[in-house]
Amino acid sequence: MRTIKSHIIIMLTLLSIASCKKAEEMVFSTEANVYFDIYNGDKDSIVRTFAYTPTKAQDTLFLPVRLAGIRTTADRTYNVRVEVDSSTAIPEQHYQPLKSSYTMPADAGKAFIPVIMYNKDKALEEKSVSIIIKLIASDDFGVNNPTMLRAKVVFSAKLEKPDWWDMWLTNYSRTKHELFYITTGQTSMTTGSQGGLDAPKNLYYTGLLTIMMNNPFNWVTKNVAKGYVLQEVTVGNTDSYYFFNIGNPSKKTLLRKNTQTGKYYFIDENGKEVI
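Only a predicted model underlies this, so the values are computations on that prediction, with no experimental measurement involved.

The next thing to look at is the sheet that holds strand β4 (residues 76-82). Ordered in space as β2-β8-β7-β4-β5, the five strands form an open sheet in which the pairing is mixed. On the outer flanks of this sheet lie β2 (45-49) and β5 (101-104), each paired with one strand and no other. The average angle at which neighbouring strand axes cross in this sheet is 30 degrees, direction not considered. When β2 meets strand β8 (residues 150-156), the two strands line up parallel, connected through five bridges. Following the sheet pairing, Arg 48 is matched in β8 by Phe 155.

Now for the packing of aromatic side chains. For the structure on display, the rule yields 14 aromatic pairs. A ring pair is formed by Trp 164 and Trp 165, whose centres lie 5.9 Å apart and whose planes are at 35 degrees; its orientation type is tilted. Among the residues examined, Trp 164 registers a relative accessible area of 3% and is labelled buried. Overall, the relative accessible area of 0% leaves Trp 165 in the buried class. Seen in terms of ring centroids, Tyr 228 and Phe 243 are 4.9 Å apart; in terms of plane orientation they differ by 10 degrees. Their pairing is stacked. Highlighted residues: Tyr 228 in strand β9 (residues 228-234) and Phe 243 in strand β10 (residues 237-245), separated in sequence by 15 residues. Since its relative accessible area comes to 9%, Tyr 228 is described here as buried. Note on Phe 243: relative accessible area 2%, which makes it buried. Sitting above the plane of the Phe 244 ring, Lys 252 keeps its charged end 5.1 Å from the centroid.

Moving on to the pairing of strand β1 (residues 33-36). A regular strand places its side chains on the two faces of the sheet in alternate fashion. Of the two faces of β1, the one lined by Asn 33 and Tyr 35 and the one lined by Val 34 and Phe 36 are each fully buried. Summarising the sheet, β1 and strand β3 (residues 58-68) pair through four bridges and their orientation is antiparallel. Each bridged residue has a counterpart across the sheet, and for Asn 33 the counterpart in β3 is Ala 68.

Once that is clear, we can look at the nonpolar core. Of all hydrophobic cores here, the largest spans 34 residues; its most connected members are Phe 36, Leu 63, Tyr 78, Ile 113 and Ile 133. Mapped onto this core, the elements with two or more residues apiece are β1, β3, β4, β5, β6 (110-118), β7 (129-136) and β8. Residues contacting Leu 63, with those up to four places away along its chain left out, are Phe 36, Ile 38, Ile 46, Ala 111, Phe 112, Ile 113, Val 115, Ile 133 and Ala 151. Listed in part, the 23 residues of the second largest apolar core include Trp 168, Val 220, Leu 230 and Val 274.

Per-residue pLDDT for the chain averages 87, and the proportion of residues at 70 or more is 85%. Low pLDDT, under 50, characterises residues 17-29; the predicted model gives this stretch one contact beyond four residues in sequence or across chains.

Definitions and cut-offs
The numbering scheme is per chain: residues are counted from 1 as the chain's sequence reads. Totals for whole chains, interfaces and linings use all residues, but because this is a predicted model, local features are given only for residues with pLDDT of at least 70 and pairs of side-chain atoms are given and counted only at 80 or more. Water and hydrogen atoms play no part in the side-chain values, which are based on all heavy atoms of the structure. Two strands are said to pair when DSSP picks up at least two bridges between them. Helix and strand labels come from DSSP, where a helix needs a run of H or I of at least four residues and a strand needs a run of E of at least two; each type is numbered from the N terminus. Angles shown run from 0 to 180 degrees and are taken between the N-to-C directions of axes, each axis being a line fitted to C-alpha atoms and, for helices, limited to the stretch in contact. By convention, a stacked pair of Phe, Tyr or Trp rings (six-membered ring in the case of Trp) has centres within 6.5 Å and planes under 30 degrees apart, an edge-to-face pair has planes over 60 apart, and any other such pair is tilted. Here the term buried applies to any residue with accessible area under 20% of the maximum for its type, exposed to any over 50%, and partly exposed to those in between, with areas from a 1.4 Å probe on protein chains only. Should the NZ of a Lys or the CZ of an Arg lie within 6 Å of a ring centre and within 35 degrees of the ring normal, that charge is described as sitting over the ring. Take the buried residues of types Ala, Val, Leu, Ile, Met, Phe, Trp, Tyr and Cys, join any two whose side-chain atoms come within 4.5 Å, and each joined set is a nonpolar core. Two residues form a contact once any of their heavy atoms are found within 4.5 Å. The pLDDT score gives, residue by residue, the confidence of the prediction method on a 0 to 100 scale.

Now the structure itself:
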């Protein structure tokens, strides 16, 4: 009985080894392919925002490309194409045009496509734009997995009104939200019972915004390290200034003097005074 049992175990072991060997042969005998290595809820989409990095004029997303097949000791090339008709982002205006081909380095199983996005267009504060990128066959690689050949990069500079805003602040606008972030560095504040416990801290942050809005000239002088400046809209005319960061001078907020009160107000995206 023990002998029969031993024979069965040996036979099962041999079958298992043969099966694994066959699977290995299938994997390594297939043509080398590439595919996008993206795993998230949207499958083929990656979302980025400049909302909390307003000082950055550009950012780079490294889009992962995975090898399916045998690694080699030589560099190989894979090809890409931007589907212009399906993309809403405009080359040069919203992103740096991609190359038609990129390198899979020797002995590597993964490579990256650098997608350089620009934070220059004021319209990005109101809408998202997208780049549709597709892998296409090259002399070195096939593209046999149709469900993993397309990547969508979506980006904007939009700020959305958070649920905590009305508990601690008033008169929401994206401009005021951005000023709050610039002044405090806070992307969120607590609400509910936890918000009550954190009231002193949260009121401190809102107070920082009030101080800045009441005297932006003094704030700029005292916060030189943040890199913000006020520049006269017209030289010699002190009724209006542009407020911006020297790291991203294309992104400006207007500061205008109210002639009736003699006080300066930032002007929001709707042309209204920020209060």
